[in-house]
Amino acid sequence: MATSTPSRVAKALIAPALALGATVGLASAPASAAVWSSCDQWGNTTLNGYTLYNNIWGSGAGSQCIWANSGTSWGVWANHPGTGGIKSYPNAKKVINKSITSLSSLTSSYNVTVPSSGAYNTSYDIWDTAHKYEVMLWVNKTGAVGPLGTSQGSLTLGGSTWTVYKGNNGSNDVFSFVRSSNSSSGTVNVLPILKWIKDTKGWFGDVTIGDLQFGFEITSSSGGLDFATNSYGVSSS
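Residues numbered from 1 in each chain as written. Predicted model: local features only at pLDDT ≥ 70, side-chain atom pairs only at ≥ 80, totals over all residues. Heavy atoms only, no water.

1. As for helix H2 (residues 190-201)
Applicable threshold: Runs of H or I in DSSP of at least four residues are treated as helices and runs of E of at least two as strands, each being numbered from the N terminus. Expected helix span is taken as 1.5 Å per residue step, with the number of steps being one fewer than the number of residues. Here's how the labels work: a residue is buried when its accessible area is under 20% of the maximum for its type, exposed when over 50%, partly exposed in between, all with a 1.4 Å probe on protein chains only.
Taking 1.5 Å of rise per residue, 12 residues should cover 16 Å, and H2 covers 16 Å from first to last C-alpha, within 8% of that figure. Considered for burial, the residues of H2 that qualify are Val190, Leu191, Ile193, Leu194, Trp196, Ile197 and Lys198. Two residues or fewer after H2 comes Gly202, characterised by a positive phi angle close to 70 degrees.

2. Things to note about the pairing of strand S11 (residues 160-168)
Looking along a regular strand, one sees the side chains alternate between the two faces of the sheet. Our working rule: Only strands joined by at least two bridges in the DSSP assignment are considered to pair.
Taken together, the 6 bridges between strand S10 (residues 150-157) and S11 define a ladder with antiparallel strand orientation. Following the sheet pairing, Thr156 is matched in S11 by Thr161. Between S10 and S11, which follow one another and run antiparallel, lie 2 residues, and Gly158 among them has a positive phi close to 70 degrees. Here S11 pairs with strand S12 (residues 173-179) via 7 bridges, running antiparallel. Its bridge partner lying in S12, Gly167 is registered against Val174. What sits between the antiparallel neighbours S11 and S12 is a turn of 4 residues, in which Gly170 has the positive phi angle 95 degrees.

3. Quick notes on the packing of aromatic side chains
Ring pairs (aromatic) are described by centroid distance and by the angle formed between their planes. The condition is simple: Here a Phe, Tyr or Trp ring, Trp counted by its six-membered ring, pairs with any other such ring whose centre lies within 6.5 Å, and the pair is stacked when the planes are under 30 degrees apart, edge-to-face when over 60, and tilted otherwise. We call a charge positioned above a ring when the Lys NZ or Arg CZ atom is no farther than 6 Å from the ring centre and deviates by at most 35 degrees from the ring normal.
For the structure shown, the criterion picks out 16 aromatic pairs. Centroid distance Tyr50 to Tyr232: 5.6 Å. Interplanar angle 65 degrees. Geometry classified as edge-to-face. Here Tyr50, found in strand S3 (residues 50-53), pairs with Tyr232, found in strand S15 (residues 225-236); they are 182 residues apart in sequence, far enough to count as distant. In this structure, Tyr50 and Tyr232 share a single accessibility class: buried. An aromatic cluster of three or more residues is present, and its members are Tyr133, Trp162, Phe175, Phe177, Trp196, Trp203 and Phe204. The lysine or arginine in question, Lys94, covers the ring of Tyr50, its NZ or CZ lying 4.6 Å from the ring centre.

4. Focus on the state of the cysteines
Here is the rule: Here, the term disulfide refers to a pair of cysteine sulfur atoms separated by no more than 2.5 Å.
Applying the stated criterion to the full structure yields 1 disulfide. Here Cys39 pairs with Cys65 through a disulfide, and the sulfurs are 2.0 Å apart. Judged by the sign of its S-S torsion, about 105 degrees, the bond between Cys39 and Cys65 is right-handed. Note that Cys39 is positioned in the loop between strand S1 (36-38) and strand S2 (44-47) and Cys65 in strand S4 (residues 63-70), a separation of 26 residues in sequence. By relative accessible area, which is 15% here, Cys39 ends up buried. Judged by relative accessible area, Cys65 falls into the buried class, the value being 0%.

5. Some words on the side chain of Ser73
Defined as follows: Here, two residues are considered to be in contact whenever any of their heavy atoms come within 4.5 Å of each other.
Here Ser73 is to be found in strand S5 (residues 73-79). For Ser73, a relative accessible area of 18% puts it in the buried group. Residues contacting Ser73, with those up to four places away along its chain left out, are Trp67, Ala68, Thr229 and Asn230.

Now the structure itself:
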């Protein structure tokens, strides 16, 4: 289950850069030299308006290295044991800092290359500025992974059909939208999803959307697997 907490965001800002014990460098990075890379647990940088995090936050994690050609073209090599529980959420973050009613549009496009083995999901992770609410949009998943909470049924919204789950991890409410079929590329119209939560369901009010993250929530990747975000972008107004 996804057990996302604000600590995934905050730790990357306040924790020291702790190099993991066993790293393998970036042999799996693209042939062209990346402009930035890190194997540190909380390695992070900002490139052309996007903040990248290695973000190894779960217990029992193995090795993981992140590389980036830009804030919107990046990837990660991860070797996490198949012991259950989320190990990491390497991601690229765009800060929105607008209330839902003040937004006239919020969209994002993605193109990823993901492994056929392991246990993970490729997902958006969207937070309000108070970290009371978390909205996850799973665009693909592989292996024994599942969202937190109970199913609220299915709907077609934002350009895809989703099964919706509602839950709470003790720190915040979590609303997970799991795509009905796996996708490696596409465009998500995020704003109608947020308005559906606010206006149709009343699960939150006119919250201010803070961080919009996109990345790979990895539970296991034994032996070392490559995940790549070939392109990604967020547009808001």
